[in-house]
Amino acid sequence: MTGQAPILAVRDLVKRFPAAKGAQVHAVNGVSFEIAAGETIGLVGESGSGKSTIGLLVTRLIAVTAGSILFGGRDITTLPEAEMRALRAEIQIVFQDPWGALNPRMTIGRALDEPLMLHTDLDAQTRRKRMLEIADRVRLPRASLERFPHELSGGQLQRVCIARAIATRPKLIVLDEPTSSLDLSVRAGILQLLEELRKETGAAMLFISHDLETVELVSDRVLVLYLGSVVEQGPTEALFASPAHPYTQTLLSANLPPDPEAKLARHRALGEIPSPINLPPGCAFASRCPLVLPACREGMPASHELGQGHRAACLRIADGSNRLVD
Amino acid sequence: MLILRFTLRRLLVAAPTVLGVLFITFMLVRIGHQDPVAMLAGPMADRAMLEMIRTQLGLDQPLFTQFAGYLWRLAQGDLGRSWQSNQPVLHEIIAHFPTTLELTLLSVGLGAIIGVPVGLRAAFRPNGWFDQISRVVSLLGFSVPTYWMGLMAIFIFFFLLRLAPAPMGRLSLEVIAPPTITGSLVIDSIAAGNWEALRSALAQLMLPVSCFTLIAAAPVVKQTRAVAIEILGSDYIRYARACGFSPRTVRRIVLRNAVAPVLTFIGTQLTSLLAAASLIEFIFAWGGLGHWGLNAILLGDFAAVQGYVLTLALFSVFVFLVIDLLVLLLEPRGQRR
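Remember, predicted model here, so these are calculated numbers, not experimental data. (Residues numbered from 1 in each chain as written. Chains lettered and ligands numbered in written order. Predicted model: local features only at pLDDT ≥ 70, side-chain atom pairs only at ≥ 80, totals over all residues.)

> Whenever I open this one, the overall build of chain B confuses me. Can you help?
Along the backbone of chain B there are 14 helices and 0 strands. For chain B, the α and β elements follow one another from N to C terminus as α-α-α-α-α-α-α-α-α-α-α-α-α-α. For chain B, the spread of C-alpha atoms along the principal axes amounts to about 85 × 55 × 40 Å. Looking at chain B as a whole, 34% of its 337 residues qualify as buried. Considering only contacts within chain B whose residues lie at least 6 apart along the sequence, 71% involve residues at least 24 apart. (Helix = DSSP H or I, 4+ residues; strand = E, 2+ residues; numbered from the N terminus. Buried ≥ 20, exposed ≤ 12 C-beta atoms within 10 Å, placed from the backbone. Contact = placed C-beta atoms within 7 Å.)

> What's the story with the overall build of chain A in this structure? I'm lost.
Of regular secondary structure, chain A possesses 10 helices and 12 strands. Rg of the C-alpha trace for chain A: 21 Å, near the compact-globule value of 20 Å for 326 residues, within the 12% margin. For chain A, the C-alpha atoms occupy an extent of roughly 65 × 50 × 45 Å along the three principal directions. Each of the 326 residues in chain A was classed as buried or not, and the buried ones make up 42%. (Rg over C-alpha atoms; globule rule 2.2 N^0.38 Å.)

> Even after reading the chapter, I still don't get unusual backbone geometry, so can you show me in this structure?
Negative phi values dominate among residues other than glycine, just as trans dominates among peptide bonds. Residues and elements named next belong to chain A. Backbone geometry places R60, a non-glycine residue, at a positive phi of 50 degrees. Relative to the assigned elements, R60 resides in the loop between α1 (51–58) and β4 (66–71). Using a count of 21 C-beta atoms within 10 Å as the deciding quantity, one classes R60 as buried. Positive phi outside glycine occurs at Q308, with the angle close to 60 degrees. Counting through the fold element by element, Q308 comes out in the loop between β11 (304–305) and β12 (311–312).

> Help me out: how do you make sense of the domain arrangement of chain A in this one?
One frequent convention defines the size of an interface as the accessible area lost when the parts assemble. All names here are of chain A. Under the domain assignment, chain A is made up of domain 1 (6–90 + 170–319) and domain 2 (106–169). Averaged C-alpha coordinates put domain 1 and domain 2 at centres separated by 30 Å. Contact with domain 1, which involves 12 residues of that partner, is made by 10 residues of domain 2. Of all the elements, helix α7 (residues 184–201) adds the most residues to the side of domain 1 that touches domain 2, at 6 residues. In the side of domain 1 that touches domain 2, the residues fall into 9 nonpolar, 3 polar and no charged. (Domains from an automatic or database assignment. Nonpolar A, V, L, I, M, F, W, Y, C, P; charged D, E, K, R; others polar.)

> Any chance you could explain the pairing of β4(A) here in plain terms?
Strand residues, when the strand is regular, have side chains that alternate between the two faces of the sheet. Residues and elements named next belong to chain A. Pairing between strand β1 (residues 6–18) and β4: 5 bridges, direction antiparallel. Paired with L8 across the two strands is F71, which belongs to β4. Pairing analysis gives 2 bridges linking β4 to strand β5 (residues 74–75), with the strands arranged antiparallel. When the sheet's bridge partners are listed, L70 is paired in β5 with D75. What sits between β4 and β5 in their antiparallel hairpin is a turn of 2 residues, with G72 showing a positive phi close to 60 degrees. (Pairing = 2+ DSSP bridges.)

> Even after reading the chapter, I still don't get the interface of chain A and chain B, so can you show me in this structure?
The partner chain B presents 15 residues to the 16 residues of chain A that form the contact. Among the elements of the structure, α3 (98–101) and α4 (108–119) of chain A are those that each provide at least two residues to the side of chain A that touches chain B. A breakdown of the residues in the side of chain A that touches chain B according to their chemical character gives 8 nonpolar, 4 polar and 4 charged.

> What is the right way to read the packing of helix α8 (residues 185–192) of chain B against helix α9 (residues 195–232) of chain B from this model?
A pair of packed helices is characterised by two quantities: the angle between their axes and the separation of those axes. All names here are of chain B. At a closest axis distance of 8 Å, the pairing of α8 and α9 adopts a crossing angle of 165 degrees. As the angle between them shows, α8 and α9 are arranged roughly antiparallel. Every pair of crossing elements has a handedness; the one defined by α8 and α9 is left-handed. Packed against α8, whose contacting residues are L185, V186, S189 and I190, the element α9 presents A197, L198, A201 and L202 at the interface. When grouped by side-chain class, the residues that make up the contact of α8 with α9 number 7 nonpolar, 1 polar and no charged. (Axes fitted to C-alpha atoms, helices over the stretch in contact; angles between N-to-C directions. Parallel < 35°, antiparallel > 145°, perpendicular 65-115°, else oblique. Left-handed = near helix turned anticlockwise from the far one by under 90°.)

> I would appreciate a short explanation of the sheet that holds strand β9 (residues 221–226) of chain A in the present structure.
What holds strands together in a sheet is hydrogen bonding between their backbones, with the strands either parallel or antiparallel. Residues and elements named next belong to chain A. Ordered by their spatial adjacency, 8 strands build an open sheet running β6-β7-β8-β3-β9-β10-β12-β11, and the pairing between neighbours is mixed. The two strands at the open ends of the sheet, each matched to only one other strand, are β6 (91–94) and β11. Pairing analysis gives 2 bridges linking strand β10 (residues 229–235) to β12, with the strands arranged antiparallel. Within the sheet, the bridge partner assigned to Q233 lies in β12 and is R311. On top of the sheet, α1 reaches β3 (40–44), β6, β7 (172–176), β8 (204–209) and β9; it is set at about 150 degrees to β8, its chief contact.

> Is there a simple way to think about the nonpolar core in this case?
Soluble globular proteins tend to bury their nonpolar side chains together. Counting 147 residues, the largest nonpolar core has L43(A), C161(A), A163(A), L172(A), L206(A), F207(A) and V224(A) as its most contacted members. Among the elements that make up this core, the one with the highest residue count is α9(B) (18 residues). Two domains each provide a minimum of three residues to this core, namely domain 1 (6–90 + 170–319) and domain 2 (106–169) of chain A. Here A163(A) is in contact with L112(A), I134(A), A135(A), V138(A) and L140(A), once residues within four sequence places are set aside. (Core = buried A, V, L, I, M, F, W, Y, C linked by C-beta atoms within 7 Å.)

> Would you take a moment to explain the pairing of β1(A) for this structure?
Residues and elements named next belong to chain A. As paired strands, β1 and strand β2 (residues 24–36) are joined by 10 bridges and run antiparallel to one another. Across the sheet, R16 pairs through a bridge with H26, a residue of β2. The turn joining β1 and β2, which pair antiparallel and follow one another in sequence, is formed by 5 residues; a positive phi near 55 degrees is taken by K21.

> Please clarify how the confidence of the model for chain B should be interpreted in this entry.
In regions of low pLDDT, the predicted coordinates are not meant to be interpreted in detail. Confidence in the prediction of chain B, expressed as mean pLDDT, is 89, and 99% of residues score 70 or more. Here the predicted complex scores 0.81 on pTM and 0.84 on ipTM. (pLDDT = per-residue confidence, 0-100.)

> Is there a simple way to think about the environment of T271(B) in this case?
All names here are of chain B. With respect to the element layout, T271 can be found in helix α11 (residues 247–283). In this structure, the C-alpha to C-alpha distance between T271 and V136, residues 135 residues apart in sequence, is 25 Å. When near neighbours in sequence (up to four residues on either side) are disregarded, T271 contacts F315, S316 and V319.

This is the structure:
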């Protein structure tokens with residue numbers, strides 16, 4: 001973490017969705033984290049862990065149930081929509097599926113122009129200049145500005161989405177699985193581009209993904225999410241080198257190294273991910289944890305500081321019995 | 001140039017379809033239970049008489065020989081003669097088609113004008129009060145049998161409330177009809193400056209068009225709602241919202257992107273509703289093509305049934321072609337093909 005004030009501070013974020021028969025889906029359960037200016041935070045978790053919901057909450061596409069989201073010191077959860085609209089230039093989002101994220105009836109140039117038209121007072125000529133600059137910057141052929149989305153490849157479309165996101169010079173970019181729907185060869189190019197853009201623009205990034213290798217590559221810090229709770233967080237290197245929470249250990253061991261000769265230490269969680277409807281109290285992972293203690297089911301375990309902001313919420317850390325062994 | 005090539009290609013593709021329709025219709029009417037010979041000859045005819053009529057009509061020939069002859073005459077513009085009226089089928093179609101077209105186009109047009117905004121409004125607040133009401137009303141349009149709806153409309157608005165004129169055709173008996181130009185009484189009355197006829201024609205149209213519009217609007221509401229909800233759930237709308245576009249702008253994007261699929265749907269509706277018109281026409285003694293075709297089917301009037309189905313098939317081909325051309329012009333995908 002850098003010493004600056006965080007650009008984004010999320011406190012005790014809760015999001016519940018109504019489900020059938022008055023039940024509730026606990027999508028996000030008291031999540032707190034901060035992002036410093038220019039920092040990239042990786043948010044990892046399985047499907048249903050609530051990571052995309054956090055992306056939607058931070059961009060205020062959906063309303064929070066409880067908690068606060070401070071962006072540049074202002075709580076955007078209570079901001080009137082009119083004031084929020086001005087802030088929206090500073091918080092941009094890139095979605096997973098670039099084919100669906102662009103209006104099929106709008107040229108690429110128009111798609112890039114729209115945020116500029118909405119958020120700047122620039123005249124058409126200046127906007128055009130800025131558009132060409134941005135297109136060059138994301139290595140998008142200038143000719144593609146006159147094209148429609150169906151005439152471009154997936155990688156090019158994702159470059160368009162990224163270009164659109166940086167057009168208004170945002171302070172925070174939420175990237176919701178930006179490379180998951182792309183071919184491996186294209187993926188590397190996009191990741192490299194994001195890294196370059198971060199250095200140049202100083203925009204903070206919230207990188208949401210289930211792909212551990214990608215997250216390890218791009219993030220300064222990583223948050224591990226399980227059933228709407230952050231079970232572990234810390235600097236990328238420390239967290240990947242010595243995962244403390246049994247869930248993180250399980251998750252990392254499920255990630256196959258590219259070396260086919262490598263000996264795998266594989267830990268398995270017990271059973272399936274439970275339903276997020278009417279969650280029981282206690283640690284979210286208790287029902288699947290091989291190291292579960294009776295106390296785990298009684299209350300949410302406190303977070304243990306492991307140094308350098310590396311924290312994990314597991315009771316076993318206190319006596320050092322938190323390691324999974326084969 | 002592109003449009004011309006597109007049109008030609010579509011017509012080429014449609015040709016086998018129409019041929020298939022001709023074949024199936026031709027065979028279906030002949031393998032049915034109806035024996036037109038017995039009907040034509042009447043109850044007093046003896047066996048020799050029946051055979052004579054059968055030979056005269058060519059019905060003693062093998063089916064495929066009959067079909068070949070039918071196609072040959074069709075190629076020369078001869079659709080055969082109705083046994084019922086003893087008129088050439090082509091004349092009957094030309095006389096009856098505008099009547100049905102007037103009723104159907106009015107109803108489908110009104111159905112679209114009402115259905116599209118209602119569907120959009122419902123989609124913007126799914127499960128809101130407006131959505132609930134529109135769902136119940138369109139369910140009525142879907143599920144109430146056409147004839148029952150027609151009869152109830154007559155019972156309530158003519159018999160009980162006396163708001164509508166007697167359901168006896170397209171014009172009150174006390175009004176002199178304008179000279180036929182297009183076959184649409186509304187247009188012909190205006191052309192002739194016959195305001196009394198125009199008033200009567202519109203009054204007569206009121207009930208059948210109302211019933212028919214409800215039937216036509218219901219699927220349009222449902223389809224528009226579904227299309228709009230799909231667009232509203234897309235990431236590009238999500239982005240527009242995240243970027244701070246006003247709800248009005250978002251609605252405009254939805255409307256623009258819904259046009260092509262909804263238009264295509266209305267086209268398919270138009271063709272199927274043209275067939276459904278027969279029941280409405282029957283109940284309101286309308287005397288259009290649908291009414292005529294339904295009678296032909298009931299009486300086993302082979303040439304008339306074939307002519308009726310052929311007209312519907314050709315009309316469908318025409319409507320689909322027009323719709324596809326419109327979509328081609330509206331969609332960016334089409335223009336670069």
